[in-house]
Amino acid sequence: MRHRCRNPQAQEIDHACSRPAGRAAPLGQPDGVAGRRAVSRRAGRRPPPPPPPPRRGTSRNTARTPPSTAASASQQCLPAVPRPSAREVRLLHSTVQRGADMPLVVVAISVLVLLLLMTRLKLNGFAALLLVAVGVALVQGIPVKDIPNVLSDGIGGQIGDTMLTIGLGAMVGRVMGDSGAAQRIASRLLDAFGPRWVQVAMVVTSMLIGVTMFYEVAFIIIVPIAFTLVRVTGAKLLWVGLPMSIALSTMHSFLPPHPGPTAVAATFHASVGLTLFYGLFIAVPVGALIALLWPRLPFVKAMNPAIPSGLVSEREFTDEEMPGLGWSLSVALFPVVLIAGASVTDMAVSGESPLLHTVAFIGSAPIALLLTLILAIWAFGPRIGRSMSDVSASCTSAAQAMAMILLVIGAGGAFKNVLVEGGISDYIKDVTHSWSISPLVLAWLIAVILRVALGSATVAVVTASGVVLPLLAGSGVSPEMMVLAVSCGSIAFSHVNDPGFWLFKEYFNLSVVQAIKVRTSYTTVLAVLGLGGVLAGQWTISTLGL
């Protein structure tokens, strides 16, 4: 015989009363759950019954009694609900799986919508990116009140990283261009390599500068020279500029001391020096091959964009009007020396001291470029007889040309941040955690998936390294090769959610579709060839017992 339920009207809790009649609750405790808990603790007593099965149409997790209702459960009693059939369980699992696949579907649809807005409706890139970012935020369940903050954080984080670098770099390039310094360097490169080998000149220059400099910084420094070479030689913009971008992309993504590879090296406790040494054997041949091959592909040769207005001087200088090669190279290489010196010092010297802090301060990209701008204003202004008003006009012209580029890059950062805050990276991490494949391939593949979904190489490498870190111990895989596998995976499939994609598109004056054809394709091939180099390098290390 069982006690009657004291609240027969309650219908929410699937719980049967279990205390036999006549058994009193312990003194000082209410009758019900507390009494049953005391009884179950006594020796020889049977444990409480297992939780009841879920109702039909609900998952097992949602059918459990919430902790907050435990007290009310002692007052209520309902009959047991029948267990779901096998067909219902299969249907439930299928529904859950379809829901789990939604994040990647959202990313794919958002990219298609963005392409539609910009190509068919001719909507401005800045507005289109913000509209798509808001739509993705709503679909991913980000609270409406938080969406403005997510967008502003994304824009602020991206612009904060790039506005000073791009703005100062553009001013330096325009001052050099309007004084003839960029033409002097371009002419010297043509004399050294000849018009036939101008692409080789761009690859060599970009790789030397790009080893220690961020993609955006090196791009901004070298692109005025590329524009000048295009104007002097009459070659197509992509014929000269694309090898530069490919070489810089390779150096930035594959090698420390760039932020992605350096962060992964710390996670895997890999040697930064060895990672750089091994990486050069992969990055240099792969980057040079793609840099020289891609401008020759038919779909690239069919494109003939013009140099964007306002970013380079249209004037062609005589030899007497141009400043000397020494001053021209000194100003162009000044930020390279400062930034590279700070990076090398950071790798070679450990500890804390005011001198190291000063070196790091001077070697930071914004400060290095600010000092370079001051030097360029004097060297290519009053020193050669140009008035300060002319130099200031050059800086103003560069800033005006950069305004829309910076807005588009900032909107790209907002789109990226919405994808991150929407939990897409966590979803990909959970899905790939149980995959049983080679650690090198798994690390590369996770980085690729995250790069495609989020557009952020930094998030891709950090998340991928965290997933595969437990697999490294006892796998026999070189930690340095794991770093390179993650790093080269993070360059793949650069598209509309990557702010670097928009920098490339705007500077080379391409449409969205053209930029996807060129940049997305070459970054993907770089990633695939990079993985092949990593696997070959791991085989060599294992064979030689290094």
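Just above sits the structure.
Described below are features of the structure shown in this document. (Residues numbered from 1 in each chain as written. Predicted model: local features only at pLDDT ≥ 70, side-chain atom pairs only at ≥ 80, totals over all residues. Heavy atoms only, no water.)

A closer look at the overall build of the protein chain
Across its full length, the protein chain holds 24 helices and zero strands. Considering the protein chain as a whole, with its 546 residues, one finds that 48% of them fall into the buried category. Roughly 25,700 Å² of accessible area belongs to the protein chain as shown, and the carbon and sulfur atoms make up 64% of that amount. (Helix = DSSP H or I, 4+ residues; strand = E, 2+ residues; numbered from the N terminus. Buried < 20%, exposed > 50% of the residue type's maximum accessible area, 1.4 Å probe, protein only. Areas by Shrake-Rupley, 256 points an atom, 1.4 Å probe, with all protein chains shown as cover.)

Regarding the packing of helix H22 (residues 479-489) against helix H24 (residues 512-544)
In contact at an axis separation of 9 Å, H22 and H24 are set at 170 degrees when each is read in the N-to-C sense. By the angle between their directions, the pair H22 and H24 is classed as roughly antiparallel. Every residue of H24 that contacts H22 at Met481, Leu484, Ala485 and Cys488 is listed here: Ala527, Gly530, Leu531, Val534, Gly537, Gln538 and Ile541. Considering only residue class, the contact of H22 with H24 consists of eight nonpolar, three polar and no charged. (Axes fitted to C-alpha atoms, helices over the stretch in contact; angles between N-to-C directions. Parallel < 35°, antiparallel > 145°, perpendicular 65-115°, else oblique. Contact = heavy atoms within 4.5 Å. Nonpolar A, V, L, I, M, F, W, Y, C, P; charged D, E, K, R; others polar.)

Things to note about the pattern of salt bridges
Per the stated rule, a full pass over the model turns up six salt bridges. A salt bridge links Asp146 to Lys145; the nearest nitrogen and oxygen atoms lie 3.3 Å apart. With a relative accessible area of 26%, Asp146 lands in the partly exposed category. The partner of Arg451 in a salt bridge is Asp498, and the shortest N-O contact between them spans 3.0 Å. Taken together, the residues span a long stretch of sequence, with Arg451 in helix H20 (residues 439-454) and Asp498 in the loop between H22 and helix H23 (499-507) at a distance of 47 residues. By sharing partners, the salt bridges in this structure join Arg451, Asp498 and Arg519 into a single network. (Salt bridge = Lys/Arg side-chain N within 4 Å of Asp/Glu carboxyl O.)

As for the side chain of Ser206
Structurally, Ser206 can be placed in helix H9 (residues 198-210). Its relative accessible area of 0% is what places Ser206 among the buried residues. There is a polar contact of 2.7 Å between the side chain of Ser206 and the backbone oxygen of Met202. Not counting chain neighbours up to four residues away, the residues in contact with Ser206 comprise Ile222, Met244, Ala247 and Leu248. (Polar contact = N/O pair within 3.5 Å; in protein donor to acceptor, adjacent residues only side chain to side chain.)

Structural notes on a nonpolar patch on the surface
On the surface, a cluster of nonpolar side chains totalling about 310 Å² of accessible area is made up of Met102, Val105, Ile109 and Val113. Locating Met102 in the fold gives a position in helix H5 (residues 102-120). The class for Met102 is partly exposed, based on a relative accessible area of 40%. (Patch = residues over 30% accessible without salt bridge, like charges linked within 9 Å, V, L, I, M, F, W, Y side chains within 5 Å.)

Side note on the packing of aromatic side chains
Throughout the structure, instances matching the rule amount to 10 aromatic pairs. Ring plane angle 20 degrees and centroid distance 6.4 Å describe the contact between Phe227 and Tyr507, whose orientation is recorded as stacked. Taken together, the positions of Phe227 in helix H10 (residues 215-233) and Tyr507 in helix H23 put the pair 280 residues apart, joining distant regions of the chain. Overall, the relative accessible area of 1% leaves Phe227 in the buried class. Ring geometry for Phe277 versus Tyr278: centroids 6.0 Å apart, planes at 55 degrees, classification tilted. (Phe/Tyr/Trp six-rings, centres within 6.5 Å; stacked < 30°, edge-to-face > 60°.)

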